[in-house]
Amino acid sequence: MPSESASVWHVATPTQQGIWIVDRIDRLRPTYLIPSVIEFTGPIDHGALADAISRALARHPALRSRFRLETTHRRVEYRTDGEPAEAGFLDAVEEDWTTDELERLVEVLCYTPFDLGDEPPARAELIRVGPDTTVFVLTVHHIVFDATSRKILLDEIGLHYRAALTGEEVVLPEPVHPAQVQVPIPDSELAPRIADAVERLRGAPTTVDLPYDRRPDADLSMIGADARTAFDEEVTARVLAASAEAGCTAFMTGVAILAATLARRGAQRDFLFSVVWPGRDDPVSAGVVGMFMSTLVLRIRLDETTTWRELLREARNSGMETFIDADVPLDALAAELDDERDVGRLPMTPVLVNLAEVPAPFDLAPGVVGRFRPLEPQYSKWDLALFVHVADGSRLELTLDYPADLFSDETIDGLLLDLRRGVADLARSPEEPVLKPATEALDLDDPAVRLDLVRGVWSEVLDNKEFGDDVSFFDAGGDSLRLVVLVEKLREVSGRMVKTVDLFRAGTVRGHADLLVNAEKKQAGGARGSRERLLGAVRERRAVEPQA
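Visitor: Hey, could you run me through the packing of aromatic side chains in this one?
Guide: Scanning the model with the defined rule gives 11 aromatic pairs in all. On the basis of an interplanar angle of 55 degrees and a centroid distance of 5.8 Å, the ring pair of Phe40 and Phe362 is categorised as tilted. With Phe40 in strand β2 (residues 33–41) and Phe362 in strand β12 (residues 362–365), this pair connects stretches of sequence that are 322 residues apart. Phe362 gets classed as buried once you look at its relative accessible area, which sits at 8%. A network of ring pairs unites the aromatic residues Trp458, Phe467, Phe473 and Phe474 as a single cluster. Its end group placed over the ring of Trp9, Arg68 keeps NZ or CZ at 4.0 Å from the ring centre. Across from the ring centre of Tyr32, 4.7 Å away, lies the NZ or CZ of Lys381, which sits over that ring.

Listed below in structure tokens is the structure:
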């Protein structure tokens, strides 16, 4: 039976109210869904698993929520006594679904919006796609769900399922209602905190000078893309050592690197970046399914004299100030500093910096492991998001996420190159000014820099980082098409005119790094036209051949 708190209307949090408003805009609705596609390998009792999923969905009040706009007080409210979602099951093998049909089904399950007033904000479907392969699609609206909630829910599903297989009964305590944890701050306490946060941000531009190939507008598709670059253990160790001396986390280091990259590309020196805060400071919230996350705004400034070490300290100090203001609603800041913004655009800044979430494999039962599939398509709500990750504690990885319509591949390649240059500078000399000429940032005369550059490009092209410096490109998983892509990527990031045939002959990381030493530099104006190139080649030949 629903508790008394489930049958009353609760005032939505400021973050939930903001999401509810955005959910009224059709093109943005898919960006506030949290889909998960998990592929299980191993024998599964589909009936028992569907029942376990349904039981977990029904137990948590947030997943039974229904929302409304209460017009008298002009506020969004919710109650949690609605009917819960139930897990469905489809045997795609028995019904002979094609691969294309299944991909379309998964996309529909992931990105079809919810009617927040009349249906549960969650859906779940099990799809048998092979003899020992099952796909689990779970989609929950962000207004009641976050990353911590997903782990809580999946752990509980596994608990119910394993108990069903052994005939045991799971007895869990009554879940804590989100409204019992998310207690509003009294206005008398909140007002001075808003004033302090506004003063910290006042004067900063509420735009970021990004290299748009198309300006954002109401017709822009939010279907996203991403691009990644990785660094070897030596460069990562140097960066993390400099960051540790400045008291920086990996996230704060990412903030500094992005600010430096954008400052080097243009005239802006004062930036506002968003960061997502988990919002679970109260220990009670650790086991509660709900939407506790909030968006904070971090300010970072630099000038022509700022060194890398000083920029890291700036990122740390700004981060600490921002986290102190974690309870200040973003809309309250926007009302003071960005009151003319379009409701369809993100307030204060279009740029996010965050730590990358890398979901671990999900051990459902003995012999059954679930792995998260990449989402296809994916949606991006930020014009540009930088996700920072230190893989295995030893390799720095930077991922750019963005709406594909905003930037060309060439523009993103340029941003990745500039990020790499910044990391190389930070690793090499933290005491150097950040805004030194960009042409000095990547020293290809340095063998270590060349090796790191080539390793990173190989990792991107092969989508794999498990290779040695003396392993053949083809033995590492490459093929002819990837070799062509490798040529183009190396040209872009090095500024050197490497040739396909040379890369084929010198087919290792070390060999490709050596080729960059004597390779011709790309001309700033691009390759010469065909007539100039042909005439130039003939003239060079005539100059060295004896005349009759």
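That covers the picture; the talk isn't over yet.
Visitor: Even after reading the chapter, I still don't get the nonpolar core, so can you show me in this structure?
Guide: Soluble globular proteins tend to pack their nonpolar side chains together in the buried interior. Grouped together as the largest cluster of nonpolar side chains are 104 residues, with contacts concentrated most on Phe136 and Phe273. Considering every element that reaches this core, the biggest residue donor is helix α8 (residues 250–265), with 10 residues. Sequence-distant contacts of Phe136, that is, excluding residues within four places in its chain, are made with Ser36, Val37, Ile38, Phe40, Ile53, Ala124, Glu125, Leu126, Leu154 and Ile157. With 23 residues, the next largest nonpolar core counts Val454, Leu486, Ala513 and Ala519 among its residues.

Visitor: Before we go on, may I ask you to explain the packing of helix α12 (residues 447–462) against helix α15 (residues 509–518) in this structure?
Guide: Packed helix pairs are characterised by how far apart their axes lie and by the angle those axes make with each other. It is at 9 Å that the axes of α12 and α15 come closest, and there the two elements cross at 125 degrees. On the basis of their axis angle, the class for α12 and α15 is oblique. Viewed along their axes, α12 and α15 form a crossing whose handedness is right-handed. Taking contact as the criterion, the partners of Arg450, Leu451, Leu453, Val454, Arg455 and Trp458 in α12 are, on α15, Val509, Arg510, His512, Ala513, Asp514, Leu516 and Val517. By residue class, the composition of the contact of α12 with α15 is 8 nonpolar, 1 polar and 4 charged.

Visitor: Explain helix α9 (residues 308–324) to me, please; I cannot follow it from the model alone.
Guide: Every α-helical turn comprises 3.6 residues, leaving residues that sit three or four positions apart pointing alike. Here α9 contains 17 residues, and its C-alpha end-to-end distance of 24 Å stays within 8% of the 24 Å for a straight helix at 1.5 Å per residue. Residues of α9 that are buried include every one of Trp308, Arg309, Leu311, Leu312, Ala315, Ser318, Gly319 and Thr322, and no others. Buried residues along α9 sit in contact with α6 (187–201), α7 (233–245), α8, β9 (270–277), β10 (294–301) and α11 (409–428).

Visitor: Any chance you could explain the pairing of β12 here in plain terms?
Guide: Relative to strand β13 (residues 368–372), β12 runs antiparallel, the two being bridged by 3 bridges. Looking at the pairing, Ala365 lines up with Val368 of β13. Hairpin remark: β12 followed by β13, antiparallel, with 2 residues in the connecting loop; positive phi at Gly367, about 85 degrees.

Visitor: Please clarify how the sheet that holds strand β5 (residues 87–91) should be interpreted in this entry.
Guide: Note: strands within a sheet are paired through backbone hydrogen bonds, in either parallel or antiparallel orientation. Taken together, 6 strands build an open sheet; the order of strands is β5-β6-β7-β2-β13-β12 and the sheet is mixed. At either end of the open sheet lies a strand with only one pairing partner, and these are β5 and β12. This sheet shows a mean twist of 25 degrees between the axes of neighbouring strands, independent of strand direction. Bridge count between β2 and β13: 4 bridges; the pairing is antiparallel. Opposite Phe40, over in β13, you have Gly370 as the bridge partner. Its contacts with the sheet place helix α3 (residues 99–111) against β2, β5, β6 (122–130) and β7 (133–141), and it is angled at close to 165 degrees to β6. Its contacts with the sheet place helix α4 (residues 147–166) against β2, β7, β12 and β13, and it is angled at close to 20 degrees to β12.

What counts and what doesn't
Residues numbered from 1 in each chain as written. Predicted model: local features only at pLDDT ≥ 70, side-chain atom pairs only at ≥ 80, totals over all residues. Heavy atoms only, no water. Phe/Tyr/Trp six-rings, centres within 6.5 Å; stacked < 30°, edge-to-face > 60°. Helix = DSSP H or I, 4+ residues; strand = E, 2+ residues; numbered from the N terminus. Buried < 20%, exposed > 50% of the residue type's maximum accessible area, 1.4 Å probe, protein only. Lys NZ or Arg CZ within 6 Å of the ring centre and 35° of its normal. Core = buried A, V, L, I, M, F, W, Y, C linked by side-chain atoms within 4.5 Å. Contact = heavy atoms within 4.5 Å. Axes fitted to C-alpha atoms, helices over the stretch in contact; angles between N-to-C directions. Parallel < 35°, antiparallel > 145°, perpendicular 65-115°, else oblique. Left-handed = near helix turned anticlockwise from the far one by under 90°. Nonpolar A, V, L, I, M, F, W, Y, C, P; charged D, E, K, R; others polar. Expected span 1.5 Å × (residues − 1). Pairing = 2+ DSSP bridges.

Purely geometric stuff here, so don't read any function into it on its own.
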